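Architecture and fold: a report
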Amino acid sequence: MAFNFSKSNLPKQLFINNEYVDSKNKKKLSAYNPKDGSLVADNVALAGGQDVDAAVEAAEKAFPAWKRMPPIQRRDIMLRFAALIEEHGEALAELTRITLGAPYGSFGKFETGLIVETFKYNAGWIDKFAGESFPQEDGFLKIVRNEPLGVVCGIVPWNGPLGSVGLKAAPALATGNCFIIKPSEKTPFASLALGPIIKEAGFPPGVLQVLSGDGSTGALLASHMRIRKVSFTGSISTGKKIQEMAAKSNLKRVTLELGGKSPAVIFDDANLENAIMWTANAITANTGQVCFAASIVYVQEGIYDRFIEGYKKALQEKTNAVGDPEDESTQLGPLVDEAQFDRVSGFIERGQQGQGDLLLGGRRIGDKGFFIEPTVFTNVKAGSEIQCEEIFGPVAVVSTFKTEEEIVAKSNNTNFGLMAGVFTQDINKALRVASDFESGMVGVNCVSLMMMTAPFGGSKESGIGREGGIQALRAFTEPKTILVNLSY
Ligand code: NAD
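Quick look at the structure, then. (Residues numbered from 1 in each chain as written. Predicted model: local features only at pLDDT ≥ 70, side-chain atom pairs only at ≥ 80, totals over all residues. Heavy atoms only, no water.)

Take the site of the ligand next. Around the ligand, the surrounding shell holds 28 residues, and the nearest of these are K182, E185, S235, L258 and E390. Residue T238 places a side-chain N or O atom 2.8 Å away from an oxygen atom belonging to the ligand. Within the complex, the protein chains bury 86% of what would otherwise be the 850 Å² of accessible surface of the ligand. Of the residues belonging to the shell around the ligand, the class tally is 14 nonpolar, 9 polar and 5 charged. Lining the shell around the ligand are residues from two domains, each supplying at least three of them: domain 1 (14–258) and domain 2 (263–456). (Near = heavy atom within 4 Å. Polar contact = N/O pair within 3.5 Å; in protein donor to acceptor, adjacent residues only side chain to side chain. Areas by Shrake-Rupley, 256 points an atom, 1.4 Å probe, with all protein chains shown as cover. Nonpolar A, V, L, I, M, F, W, Y, C, P; charged D, E, K, R; others polar. Domains from an automatic or database assignment.)

What follows is the structure, encoded as structure tokens:
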């Protein structure tokens, strides 16, 4: 099975037990190109109950041997998988781009790079993720082993279709679990195209499988009695349903990576150029469709006017780089689809009806596809919708503040807690504010970035659990305590 997928040869079948198969379910998914709204395919497999059961059965069969495979053999399979993704990176990125609309240079390359790096990084952990042992002087040796959970799944969103697979599948496989990927119905093709790569890398049948589908497929996985864990990335409302389904079925383990409304706080003594660069990139990367985008910018009064001037200029430059995602000069593509376009436009329209002043943008670009101008509101009313809700588009709100105490309270006055950024040249202030922020991640003189070597995830309603680093390995294993009676 050679890799030969492209936009004119799309993968549309499920990948179960190392074979492409038609779904037993008759319903199909349709996918559209957001640059012009055209239909890309209307016959993509939508996995139903029988398909999910078939994948779980294959995974259960594969699990005992995969779990026992010598670490270096498992490591080599994962490294081969990473190398093959690297080799086919541009083709995989194209398969995402045709339904996400994100240009290769500014996003596609990063995203395929992320799955490659997550597999390399987690492959390196395989023979280093040690257990523990405790003193035996009481007559019992206590050995603690990190045991894989068994059959686990990842339900991922459309905004980072392969990167989010890497963050979940790589630590799950490294620790000896069998993994089922459920891509978003809006961006299924890059995941579905992994079949030949999975096979060529040497994953045994049933170890890594792909089930395309919509929320109904996700619900079948989250409530399945023989799946031991669901790692979910997506919206808060779906995350809550997943946790409920997990609890009501077999109490499967749950990791939730959910939404955010992340603040960037810029003090008078910040390096202005640096603060403008990070905050302008933060709200426009992937056309603002990033969970940890700094979408509320708080600027101390002394530099507010200068910040606004620079921020406006930087975002105008971004507006000039909006265009066809296939062109090399394009940095920003369209929003993912009509529903997302209507949602973001709705926020912008209502925002102008008394919630704040429109400083920049706000309009559709062109007359086809789902392109929108980077948009900024100022003088926004406390408690208003654009101030409080996740918009998930290139829309920022900028406000002023006077004191450190005031801005910490304002930044924490939200149920979100994914990321926050503080910009200052005073190291004491930076560390004080960083420790006071109620969020899973904090950037000092940077914002809206992640490193897969360190924990990634949110506090409060932005999530449960962490991806990245050793935390991801712990999230896919359970400690098993073995007590050895030494006097026997
Ligand atoms: P979504 O919740 O609509 O869908 C996410 C996934 O869940 C999709 O695969 C979908 O098919 C599936 N799904 C939908 N309903 C389901 C159900 N009832 N049961 C099981 N599965 C179901 O989210 P989205 O629109 O794809 O993604 C955007 C959201 O994701 C934003 O809120 C964003 O902030 C969040 N996000 C978070 C992170 C993070 O790491 N914290 C990263 C990226 C995106």
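Resuming the write-up.
In the structure shown here, the tally under the stated rule is 14 aromatic pairs. Both rings, one in F107 and one in F110, keep their centres 6.0 Å apart while their planes meet at 50°; by these two values the pair is tilted. One end of the pair is F107 and the other is F110, both in helix 4 (residues 104–125) and 3 residues apart, which spans about a single turn. Note on F267 and F401: the rings are 5.3 Å apart at their centroids and 90° apart in plane angle, and the pair reads as edge-to-face. Taken together, the residues span a long stretch of sequence, with F267 in the loop between strand 12 (262–266) and helix 10 (272–284) and F401 in strand 16 (residues 395–401) at a distance of 134 residues. Here F267 matches F401 in class, with each residue buried. Grouping aromatic residues by their ring pairs yields a cluster made of F3, F5, F15 and Y20. We note K229 situated over the ring of F476; from NZ or CZ to the ring centre the distance is 4.9 Å. In this structure, R350 packs its charged tip against the face of F347, placed 5.2 Å from the ring centre. (Phe/Tyr/Trp six-rings, centres within 6.5 Å; stacked < 30°, edge-to-face > 60°. Helix = DSSP H or I, 4+ residues; strand = E, 2+ residues; numbered from the N terminus. Buried < 20%, exposed > 50% of the residue type's maximum accessible area, 1.4 Å probe, protein only. Lys NZ or Arg CZ within 6 Å of the ring centre and 35° of its normal.)

Now for the side chain of D51. Its location among the elements puts D51 in helix 1 (residues 49–68). K24 provides the closest opposite charge to the buried, salt-bridge-free D51, at an N-O distance of 5.2 Å. Within polar-contact distance, the side chain of D51 engages the backbone nitrogen of K24 at 2.7 Å. When neighbours within four sequence positions are excluded, D51 is seen to be in contact with L14, I16, D22, S23, K24, N25, L46 and L211. (Lys, Arg positive; Asp, Glu negative; His and termini not counted. Salt bridge = Lys/Arg side-chain N within 4 Å of Asp/Glu carboxyl O. Contact = heavy atoms within 4.5 Å.)

Nothing here speaks to function; it is all geometry.
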